[in-house]
Amino acid sequence: LYSTIAIAARACADLCERVLVLDWDVHHGNGTQDCLYRDGGSCFISLHQAPFYPGTGHPGERGEGPGEGLTYN
């Protein structure tokens with residue numbers, strides 16, 4: 001499986017100074033978050049209703065390594 005939005009974000013990060021991925025629906029964008037969690041080239045924001053499926057997307061999940069502080073839930 002491929003996350004097309006994560007692939008597009010990484011491609012855009014090579015061309016742009018900043019990239020923002022906004023996921024706004026009832027479910028957490030866990031697949032996209034997983035792809036961008038350690039990536040310092042893009043910011044990921046997921047607006048979702050917790051604790052609905054899949055049970056991820058807690059406020060403390062903020063990214064790691066180069067992506068630290070670039071994930072918002």
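A brief report on the enclosed structure follows.

Thresholds applied
Residues numbered from 1 in each chain as written. Predicted model: local features only at pLDDT ≥ 70, side-chain atom pairs only at ≥ 80, totals over all residues. Heavy atoms only, no water. Salt bridge = Lys/Arg side-chain N within 4 Å of Asp/Glu carboxyl O. Helix = DSSP H or I, 4+ residues; strand = E, 2+ residues; numbered from the N terminus. Buried < 20%, exposed > 50% of the residue type's maximum accessible area, 1.4 Å probe, protein only. Pairing = 2+ DSSP bridges. Contact = heavy atoms within 4.5 Å. Right-handed = clockwise from strand over helix to strand, strands pointing away.

### A closer look at the pattern of salt bridges
For the structure on display, the rule yields two salt bridges. Between Asp-39 and Arg-10 there is a salt bridge, with the nearest N and O atoms lying 3.9 Å from each other. With Asp-39 in the loop between α2 (30-36) and β2 (43-47) and Arg-10 in helix α1 (residues 4-13), this residue pair connects regions lying 29 residues apart in the sequence. Asp-39 gets classed as buried once you look at its relative accessible area, which sits at 19%. A residue is classified by how much of its surface remains accessible, and Arg-10, at 42% relative accessible area, is partly exposed.

### Looking at the sheet that holds β2
The strand order across the open sheet formed by three strands is β1-β2-β3, and the pairing between neighbours is parallel. Where the open sheet ends on each side, the last strands, each with one partner, are β1 (20-24) and β3 (71-72). Note that β1 and β2 share five bridges and pair parallel. Note that in β2 the partner of Leu-20 across the bridge is Cys-43.

### Brief notes about the environment of Pro-54
With respect to the helices, strands and loops of the structure, Pro-54 is situated in the loop between β2 and β3. Looking at Pro-54, the relative accessible area reads 26%, which means it is partly exposed. Each C-alpha atom of the pair Pro-54 and His-28 lies 6.9 Å from the other, and the pair is 26 residues apart in sequence. Those residues in contact with Pro-54 that sit more than four places away from it in its chain are His-28 and Asn-30.

### Description of unusual backbone geometry
A cis amide bond, omega 10°, links Ala-50 with the succeeding residue Pro-51. Among the secondary structure elements, Pro-51 is positioned in the loop between β2 and β3.

### What to know about the pairing of β2
Note on the crossover from β1 through α2 to β2: the handedness is right-handed. Relative to β3, β2 runs parallel, the two sharing two bridges. By the bridge assignment for β3, Phe-44 is matched with Thr-71.

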